Amino acid sequence: MIDEKLRRPMQAALMLLLVTCVASLLIGAGDVGVWRSLMVLFRAEDADAAFTVWSLRLPRTLVGLAVGMALAISGALLQAISRNPLAEPGLLGVSAGSALAVAIMLSLGASMMELRVGMAQLGALLGCACVLSVTRLRGVGNDPIRLVLAGAAFSSLLAALTSLLLLMDQRAADEIRFWVVGSLAGRRVDDLLAVLPSMALAGLVLLALVRPLSSLALGERASAGLGHHPGRLRLLAVIIVALLVGGATAIAGPIAFVGLVVPFLARSLCGPDLRRTLWLCLPLGPLLVLLADILSRCLVAPSELPLGVLTAICGAPVLIAVVRARRLPTLS
Amino acid sequence: MNNPSSLEAQPLPDSNVPCLPYEVEALTLRHGRYTVIEELQLGLPSGQLTAIVGPNGCGKSTLLAGLARLHAPAAGRVLLDGRDIRGLPSAELATRVALLPQEALAPEGLTVTDLIRFGRQPHQAWWQQWSEEDQRVVAEALAAAGLESLADRSLDTLSGGQRQRAWIAMTIAQQTPVILLDEPTSALDLGHQLEVFELLRKLVGEGRTIVMVVHDLTSACRYADHLVAMRGGQIVAEGSPGEVVTSQLVRELYDVDCTLVEDPVTGKPLLAGLGRVQ
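Residues numbered from 1 in each chain as written. Chains lettered and ligands numbered in written order. Predicted model: local features only at pLDDT ≥ 70, side-chain atom pairs only at ≥ 80, totals over all residues. Heavy atoms only, no water.

(A) Representation of the overall build of chain B. Of the regular secondary structure elements, chain B holds 9 helices and 12 strands. Here chain B has a C-alpha radius of gyration of 19 Å; the compact-globule value for 278 residues is 19 Å, and the two agree. Based on the C-alpha atoms only, the size of chain B along its principal axes is roughly 60 × 40 × 40 Å. The burial tally for chain B puts 54% of its 278 residues in the buried class. Across chain B, contacts joining residues at least 24 apart in sequence account for 64% of those joining residues at least 6 apart. A total of about 11900 Å² of accessible surface is found on chain B, and carbon and sulfur atoms cover 49% of it. (Helix = DSSP H or I, 4+ residues; strand = E, 2+ residues; numbered from the N terminus. Rg over C-alpha atoms; globule rule 2.2 N^0.38 Å. Buried < 20%, exposed > 50% of the residue type's maximum accessible area, 1.4 Å probe, protein only. Contact = heavy atoms within 4.5 Å. Areas by Shrake-Rupley, 256 points an atom, 1.4 Å probe, with all protein chains shown as cover.)

And the structure:
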């Protein structure tokens, strides 16, 4: 459904994304500079640089694409079902839930990749369930800021539990420390292939649900009046979010604020209709993640900042700006 | 007074909207343990505007929710064209009965056309794209509600009456023979109320069956063909406003004394000299 309102922002976002993807292949923290990388793209004989570009930067770019889409879509979905513009997987403890689940598995002796995806998704599902039960509490669901406060408290609790586990288990701590802050560094294509099936499944289900889900914006009764089942829709949306966030967390660790900033940006570009928002999230999510990732390689070169730190630095001011706005943008 | 009334009115001869008998049979609706409506019988005349009136808490909105299948009956049935609505697939019900709930919410920035397009959802399967038929119906709904010049305006920039007309246009785009409205005018000033009622009269004139819950008895008398007066979950009186509205009924419903006079212009009953029963 590419209509007039969507076309221009969509074209612009796709162009920018393309440029960013190329930049992500060219720019790095190491000593393979832009020029050498560019030569590799034109088939120059430079084994060192070729390895850096094709085996290090290409996989992390692909992972960035998948993670960005998954987080942005999840944010938009959570906002639609909770009717709250501040709902976001990172803020509401969904990511923290999946991080804790992975930490538990690791300390029980499982190794990193074999159980990570499924456990992360299960943890995300439990996190989602907690969040939604909070939004169903009287009074909280209607107040965006209280929901975020509840989510923040919940997130810190889960993060504290994760830290506790890591303190008690040195082996798990070593394996997980680089992961728990959220980063794309050192991710391989195999990691991506492990989560791609479940993400693709979530995407397919979402495609069938987009239209009914968009009607939730009109309120529960109006949605039912249009022949939908709001309760069922919410449940399915939660499962989709769990698959996406769990998958993204399993490869990149918990990354906050992407799910908040991107849908916010998308709505301001193409209006409040969920269908347009979701389409526009597809290029905008990876755009933001990759830009942040490129920055994370450059800011403190030759070492790297973790991506999660950077998205938090960029995202927190947006959250504060949204909350401070004279009137909170409503989804209802 | 409680018997299921025969379906008096037939749709206009030139109407293309089918007539769907809509009946309530021994309907009991509960909120948790609290019984709101018990064993209620009601027939809604096709092609007419029915107003459900009564004091706060009399069960009129609950009855409307029951008619729309938002509220599952504890006992009894709601029959649409002779079939229990519980047996109908939701999407099919939504092509026969449209609902405008009281708390009609719209996200900020949603335009009139965006809103009306939602009305097409019951007619679209998930794989179907927006069709020319959908486009035509939305344009017709815009025209029917007199909103052509406001099509691309955002809802939050409209007056209350215009906004309510846009919501009604959404139900028009749903192309249902029956439209249910829960207090469509409760938040509107006098001029905007008339704007909405006149639109509803026009839709009834095209052969639709409309059922609305209203607070204002005088408006109900003025615009409804059929009046259902409720108190305590029971139907107290039912029939054409001119026949059933008496000062005794007003006292019974609202504990208010009044004198009924005839509106010199419309000939409909008017409530005068209102005062609470001492």
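Picking up after the structure, the text goes on.
(B) Inspection of helix α13 (residues 274–298) of chain A at higher detail. Residues and elements named next belong to chain A. If you check α13, its first and last C-alpha atoms are 35 Å apart, about what 25 residues at 1.5 Å a residue would give, namely 36 Å. Where α13 bends most, at C281, the angle is about 40°, and the proline P283 comes one to four residues later. For α13, the tally of buried residues reaches 19 of 25 residues, placing the bulk of the element in the interior. One side-chain oxygen at the N-terminal end of α13 lies 2.8 Å from the backbone nitrogen of R275; it belongs to D273. (Expected span 1.5 Å × (residues − 1). Bend = angle between axes of the 7 residues up to and from the residue. Polar contact = N/O pair within 3.5 Å; in protein donor to acceptor, adjacent residues only side chain to side chain.)

(C) Summary view of the UniProt feature "transmembrane region" (unreviewed entry) in chain A. All names here are of chain A. Feature annotation in UniProt assigns "transmembrane region" (unreviewed entry) to the following positions: residues 12–38, 58–78, 90–112, 147–168, 192–214, 235–265, 277–295 and 307–325. The span residues 12–38 is 74% helix and 0% strand, and its two end C-alpha atoms sit 24 Å from each other. Between the C-alpha atoms that bound residues 58–78 the distance is 30 Å, and the span itself is 100% helix and 0% strand. (UniProt positions renumbered as here; feature names shortened; annotations may be inferred.)

(D) Region of interest: the side chain of R208(B). For R208(B), the location among the structural elements is in the loop between α6 (190–205) and β8 (209–213). A polar side-chain atom of R208(B) sits 2.7 Å from a polar atom in the side chain of E206(B).

(E) Molecular detail of the sheet that holds strand β9 (residues 226–231) of chain B. Residue and element names in this part refer to chain B. Across the sheet, which stays open at both edges, the 6 strands sit in the order β6-β7-β8-β3-β9-β10 with mixed pairing between neighbours. In this open sheet, the two edge strands, each paired with only one partner strand, are β6 (97–100) and β10 (234–239). The sheet shows a mean angle of 15° between the axes of neighbouring strands, taken without regard to direction. In terms of strand pairing, strand β3 (residues 49–53) meets β9 through 4 bridges, oriented parallel. (Pairing = 2+ DSSP bridges. Axes fitted to C-alpha atoms, helices over the stretch in contact; angles between N-to-C directions.)

(F) Up close: the pattern of salt bridges. Within this structure, the stated rule accounts for 19 salt bridges over all chains. Note that R96(B) and E92(B) form a salt bridge whose closest N and O atoms lie 2.9 Å from each other. A relative accessible area of 21% places R96(B) in the partly exposed class. Taking the shortest distance from any N to any O, the salt bridge between R136(B) and E140(B) comes out at 2.6 Å. Highlighted residues: R136(B) and E140(B), both in helix α4 (residues 132–144), separated by 4 residues, approximately one helical turn. Residues joined in a network through salt bridges with shared partners are R60(A), D293(A), R297(A) and E304(A). (Salt bridge = Lys/Arg side-chain N within 4 Å of Asp/Glu carboxyl O.)

(G) Quick peek at the sheet that holds strand β4 (residues 75–80) of chain B. Residue and element names in this part refer to chain B. The antiparallel open sheet is built from 4 strands, whose spatial order is β2-β1-β4-β5. Two strands lie at the open edges of the sheet, namely β2 (34–44) and β5 (83–84), each paired on one side alone. Contacting β1 (22–31), β2 and β4, helix α1 (residues 60–67) runs over the sheet at an angle of about 120° to β1.

(H) Structural detail: the pairing of β2(B). Residues and elements named next belong to chain B. As defined by bridge partners, β1 adjoins β2 across 7 bridges and the pair is classed as antiparallel. Each bridged residue has a counterpart across the sheet, and for V24 the counterpart in β2 is L42. Connecting β1 to the antiparallel partner β2 that follows it, the hairpin turn spans 2 residues, and G32 within it adopts a positive phi of roughly 60°.

(I) Just helix α1 (residues 4–26) of chain A, in detail. Residue and element names in this part refer to chain A. In a regular helix each residue adds 1.5 Å, so 23 residues correspond to 33 Å; α1 covers 34 Å between its end C-alpha atoms and thus fits that length. Residues of α1 that are buried include every one of L6, P9, M10, A13, L17, T20, C21, S24, L25 and L26, and no others. Looking at the buried residues of α1, the elements they touch are α2 (34–41), α3 (47–82), α12 (258–270) and α13.

(J) Focus on unusual backbone geometry. Residue and element names in this part refer to chain B. Even without being a glycine, E39 presents a positive backbone phi close to 50°. Note that E39 resides in strand β2. Its identity is not glycine, yet E183 carries a phi of approximately 45°, on the positive side. Among the residues examined, E183 registers a relative accessible area of 10% and is labelled buried.

(K) Seen up close, the nonpolar core. The biggest cluster of nonpolar side chains holds 78 residues, and the ones touching the most others in it are V67(A), L78(A), L206(A) and L213(A). With residues near it in sequence (within four places) discarded, L206(A) still touches I73(A), L77(A), L213(A), I240(A) and L278(A). The next biggest cluster of nonpolar side chains, apart from the first, holds 59 residues, and it includes L115(B), A145(B), I179(B) and L188(B). (Core = buried A, V, L, I, M, F, W, Y, C linked by side-chain atoms within 4.5 Å.)

(L) Main features of the confidence of the model for chain B. Considering every residue of chain B, the mean pLDDT works out to 88; 93% of them sit at 70 or more. Confidence drops under pLDDT 50 across residues 1–15 of chain B; counting only partners more than four residues distant or on other chains, this segment forms 23 contacts. (pLDDT = per-residue confidence, 0-100.)

(M) Representation of the interface of chain B and chain A within the structure. Taken together, the contacts link 32 residues of chain B with 30 residues of chain A. Roughly 2400 Å² of surface becomes buried between chain B and chain A when both sides are summed, with 56% attributable to carbon and sulfur atoms. Considering only the side of chain B, the residues that lose the most area to chain A are E108(B), F118(B) and Q121(B), jointly responsible for 25% of the buried surface there. Here chain B and chain A share 1 salt bridge between them. The salt bridge involving D114(B) is made with R276(A); its shortest N-O contact spans 3.2 Å. (Buried area = accessible area lost by both parts, 1.4 Å probe.)

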